[in-house]
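What follows is each chain in one-letter form.
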Amino acid sequence: MTNTELSWLLNQIEKKPGENEWLEFKLNFHSGEGLGETLSGLANGASLHNQPFGYLIFGIDDKTRAIIGTDFYPKTHKIKNDELENWLLQRLNPRPDFRIYEIIYSGARIVVFEILAAADRPLTFLHDAYIRTGSINRKLHDFPEKERKIWQKNETGIFEKEIARILSDGPEITYLLDTFVYFDLLKIPYPESNKSVIERFMSEGFVIPLPDGKIGITNLGAILFAKDLSEFEKLQFKGVRVSLYNGTNRLETLKDRTFPKGYASVFKTIIDFVDDQIPQKEVIEDGLRSELRRFSPLIIRELTANAITHQDFSVSGGPLIEIFADRIEFTNPGIPVIRTLRFIDENSARNEKLADILRRLGICEGKGTGIDKVVDL
């Protein structure tokens, strides 16, 4: 930042009613440990309040807001012969993006630490994450709801990487997720130990390690393998719903069923259920009587997989399959990422990681030719 930008920033900060979780005032430097804890707390507080940066400002009295100035020179300060900035970078994790500015403001020397908000995980100092409460630093794990919100944030906004639920230990994973389905669909032996299952799920991004030995189930892991989506607050209404109507309109519903499991766990069950509800007609050919289905199972499979894969998870509701006497309608939340008329010659996935896993599990098409097959049938 230029001096002009710094002056404008300080002018805006002066208008704030006081300190908060992402803004702190100090007169002078006291200790490296206290500074590291404060930077951790400010980065985490900025994340919680959707601020791009947290600010620690030296030279302003935290009680009176008087601009006094500071004799702290962070760019030359050393701790045990190590430059302060490097000392902090070695102890903050993940290595943060912070800047140190010095300016003469209102006739006083002011030092500004600007630290980027924590993104997809809390910023820790010496392996502990902090949050500002009042004028002190508190350990973040004392505030589990705040910790969960930070883990749910992601700098790229990728749904699959966000945390759906935090667990206290590994064994809970097999209670909440149908881990057998993953290995069964890939046709590989189920590991002999729970530890090996967790390691495999971590490698896929279905679960991730968290501080204090905790484990986070990601949205990707939950939406694919949840035994019950209602166990995951933000995903509880994302189950596939199938409605069967009498006739060609929605006036009379014959059946209405929601499948509250992860998509990989319940996909075959959904396809079989829909296939059983499709109207059939009896035909006689060469003296033999047979049942002819109006829609091929391949059509049902491809369109169900597409509805699951390309939905917008930021929109409420889940995929819907509606069966009428003369047609089937597939609906999913959100607007298509490509124009409808280009479905047959363009390939783009809204949820890349989800699409990749579903392809490897054999559930959806690998080259974007699903719609082409449906049109040809």
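This text goes with the structure placed above it.
Keep in mind it's a predicted model, so treat the numbers as computed, not measured.

### A word on the overall build of the protein chain
Here comes step 1: For the protein chain, the helix and strand inventory stands at 12 helices and 19 strands.
Here comes step 2: Per-residue burial over the protein chain gives 44% buried out of 377 residues.
Here comes step 3: Within the protein chain, contacts between residues separated by at least 24 positions form 63% of all contacts whose residues are at least 6 apart in sequence.
Here comes step 4: Accessible surface for the protein chain amounts to roughly 19600 Å². Of this, 50% is attributable to carbon and sulfur atoms.

### With respect to the sheet that holds strand β18 (residues 320–323)
Here comes step 1: Taken in spatial order, the four strands line up as β15-β14-β18-β19 in an open sheet, and their pairing is mixed. Looking at the sheet topology across the chains shown, the edges are occupied by β15 (253–259) and β19 (328–331). Adjacent strand axes in the sheet meet at a mean angle of 10° when their direction is disregarded.
Here comes step 2: Across four bridges, the pairing between β18 and β19 is antiparallel.

### Re the environment of I115
Here comes step 1: In this fold, I115 is placed in strand β7 (residues 108–116).
Here comes step 2: A relative accessible area of 0% places I115 in the buried class.
Here comes step 3: Linking I115 and L56, residues 59 residues apart in sequence, is a C-alpha distance of 8.4 Å.

### As for the packing of aromatic side chains
Here comes step 1: Counting across every chain of the model gives 19 aromatic pairs.
Here comes step 2: Ring centres of Y182 and F225 lie 6.0 Å apart, and the angle between their planes is 85°; this geometry places the pair in the edge-to-face category. A residue pair is termed long-range when its members are at least 10 positions apart, and Y182 in helix α6 (residues 179–186) and F225 in helix α8 (residues 219–225) qualify at 43 residues.
Here comes step 3: Relative accessible area serves as the criterion here: at 0%, Y182 is assigned to the buried category.
Here comes step 4: Three or more aromatic residues joined by ring pairs form one cluster here, namely F180, Y182, F183, Y190, F201, F206 and F225.
Here comes step 5: Stacked on the ring of F273, the Lys or Arg R257 has its end atom at 5.1 Å from the ring centre.

Criteria and thresholds
Residues numbered from 1 in each chain as written. Predicted model: local features only at pLDDT ≥ 70, side-chain atom pairs only at ≥ 80, totals over all residues. Heavy atoms only, no water. Helix = DSSP H or I, 4+ residues; strand = E, 2+ residues; numbered from the N terminus. Buried < 20%, exposed > 50% of the residue type's maximum accessible area, 1.4 Å probe, protein only. Contact = heavy atoms within 4.5 Å. Areas by Shrake-Rupley, 256 points an atom, 1.4 Å probe, with all protein chains shown as cover. Pairing = 2+ DSSP bridges. Axes fitted to C-alpha atoms, helices over the stretch in contact; angles between N-to-C directions. Phe/Tyr/Trp six-rings, centres within 6.5 Å; stacked < 30°, edge-to-face > 60°. Lys NZ or Arg CZ within 6 Å of the ring centre and 35° of its normal.

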